[in-house]
Amino acid sequence: MRKDFCVFILSHGRADKIHTIDMLNNLGYSGKWFVLIDNEDETADQYFEKYGPEKVLMFDKKEACKKTDQGDNFNHRKTVVSARNICFDIAKEKGYKYFMELDDDYKSMNYRFNKNLDYKHTKIRIPILDNIIDEMIKFLEYNKDILTVTFAQGGDYIGGTNNPMGAAIILKRKAMNSFICSVDRKFSFLGNVNEDTTTYVKLGQEGKIFVMLNHIALEQIQTQKQSGGMTTIYLEQGTYVKSFYTVMYCPSCVKISMIINNDSKRIHHKIKWKNAVPCILNEKFKKS
């Protein structure tokens, strides 16, 4: 694995169940990884005892929040946004040019297309994560205007080939959970909750580019099925408040909507991309 790259696993209150470490090991990742916790985590000693001081990094959450646009006046520090932002500074201090932010609850990584580029869900079982990350960084190096590139998530493919995500390998203007970043292209995550969506939409309005590659997807433990992490805030506030953060930041192109999947319904944000980001006109409209 290249020496200028590391992985930050963002965690809080889950020292005994960081599934992401197992996933990295199972996929043969040989580079540096660190568990990033905050100094307000009451279980901090458990992290240091289990993984050692060389693997656990702690940051001052109160100070980090002072530098973060939290988007509310709730006066709490229960969310991950400050941890996401501090990764840029920590990576630079430690001498890494590139890093990837991962949540602590990933269980597997899956191919979503076969060698013929047909949609097929296949769990990756061979140790090739070093190669995958290296290719993602090369993609980021080649595309100088892109701020971050991410993997897809399992839920992105609902509907299979009837979903554009399952119809072909594409770039999607979306970035969530698995951010591969460069310290030379620093940006700030916005809002206490739904910070990933708010950031790629709000900064997208300014012409910044965030992308997701859909050839590979990460699978994570279902939200709210385990304690710690962001579960507390989701249970307290629900998905309406979560989704409304993005509406507050981007009212011209985001609204509250409903996701209906079979018999289940869930409040969610809905982005109108034609109103969200600069559009490129087809060359056929060029004046002669």
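Residues numbered from 1 in each chain as written. Predicted model: local features only at pLDDT ≥ 70, side-chain atom pairs only at ≥ 80, totals over all residues. Heavy atoms only, no water.

A. Up close: the state of the cysteines. Going through the model one piece at a time under the given rule, you end up with zero disulfides. Just so you know, Cys181 is unpaired, no disulfide at all, and the nearest cysteine sulfur is the one on Cys87, 8.2 Å from it. Taking the relative accessible area as the measure of exposure, Cys181 reaches 0% and is therefore buried. The structure places no disulfide on Cys250, whose sulfur is separated from the nearest cysteine sulfur, that of Cys253, by 4.9 Å. (Disulfide = S-S within 2.5 Å. Buried < 20%, exposed > 50% of the residue type's maximum accessible area, 1.4 Å probe, protein only.)

B. Geometry of helix α4 (residues 81–93). Helix geometry: α4 is bent most strongly at Cys87, by close to 30 degrees. In terms of residue burial, α4 counts as a mostly covered element, since 10 of its 13 residues are buried. Taken residue by residue, α4 has Val81, Ser82, Ala83, Arg84, Asn85, Ile86, Cys87, Phe88, Ile90 and Ala91 as its buried positions. (Bend = angle between axes of the 7 residues up to and from the residue. Helix = DSSP H or I, 4+ residues; strand = E, 2+ residues; numbered from the N terminus.)

C. Representation of the pattern of salt bridges in the model. Following the criterion strictly, the structure yields 17 salt bridges and no others. We note a salt bridge from Arg2 to Glu141, for which the minimum N-O separation is 3.3 Å. Of this pair, Arg2 sits in the segment before β1 (5–10) while Glu141 sits in helix α5 (residues 129–142), and the two are 139 residues apart along the sequence. The exposure class assigned to Glu141 is partly exposed, which follows from its relative accessible area of 25%. A salt bridge links Lys138 to Asp134, with the shortest nitrogen-to-oxygen separation between them at 3.5 Å. Within this pair, Lys138 and its partner Asp134 are both found in helix α5, separated by four residues, close to a single helical turn. Overall, the relative accessible area of 22% leaves Asp134 in the partly exposed class. (Salt bridge = Lys/Arg side-chain N within 4 Å of Asp/Glu carboxyl O.)

D. Representation of the packing of aromatic side chains in the model. Per the stated rule, a full pass over the model turns up 14 aromatic pairs. Measuring from centroid to centroid gives 5.9 Å for Phe113 and Tyr119, while their planes differ by 80 degrees, and the two rings are edge-to-face. Overall, Tyr119 belongs to the partly exposed group, its relative accessible area being 25%. One aromatic cluster is present, formed by Phe8, Phe34, Phe88, Tyr96, Phe99, Phe179, Phe187, Phe189 and Phe210 through successive ring pairs. Over the ring of Phe189 we find Arg84; its NZ or CZ atom is 5.8 Å from the centre of that ring. (Phe/Tyr/Trp six-rings, centres within 6.5 Å; stacked < 30°, edge-to-face > 60°. Lys NZ or Arg CZ within 6 Å of the ring centre and 35° of its normal.)

E. Local environment of the nonpolar core. Residues Phe8, Leu36, Phe99 and Phe187 are the most contacted members of the largest nonpolar core, which totals 39 residues. Sorting the residues of this core by element identifies β1, β2 (32–38), β3 (56–59), α4, β9 (179–182), α7 (195–205) and α8 (231–249) as the ones contributing at least two each. Sort the elements by how many residues they give to this core and α4 lands first, with seven residues. In contact with Phe8, other than residues within four places in its own chain, are Phe34, Leu57, Cys87, Ile90, Ala91, Phe99, Met100, Glu101 and Leu102. Counting residues in hydrophobic clusters, the runner-up holds 38 residues, among them Val7, Ile9, Ile133 and Phe151. (Core = buried A, V, L, I, M, F, W, Y, C linked by side-chain atoms within 4.5 Å. Contact = heavy atoms within 4.5 Å.)

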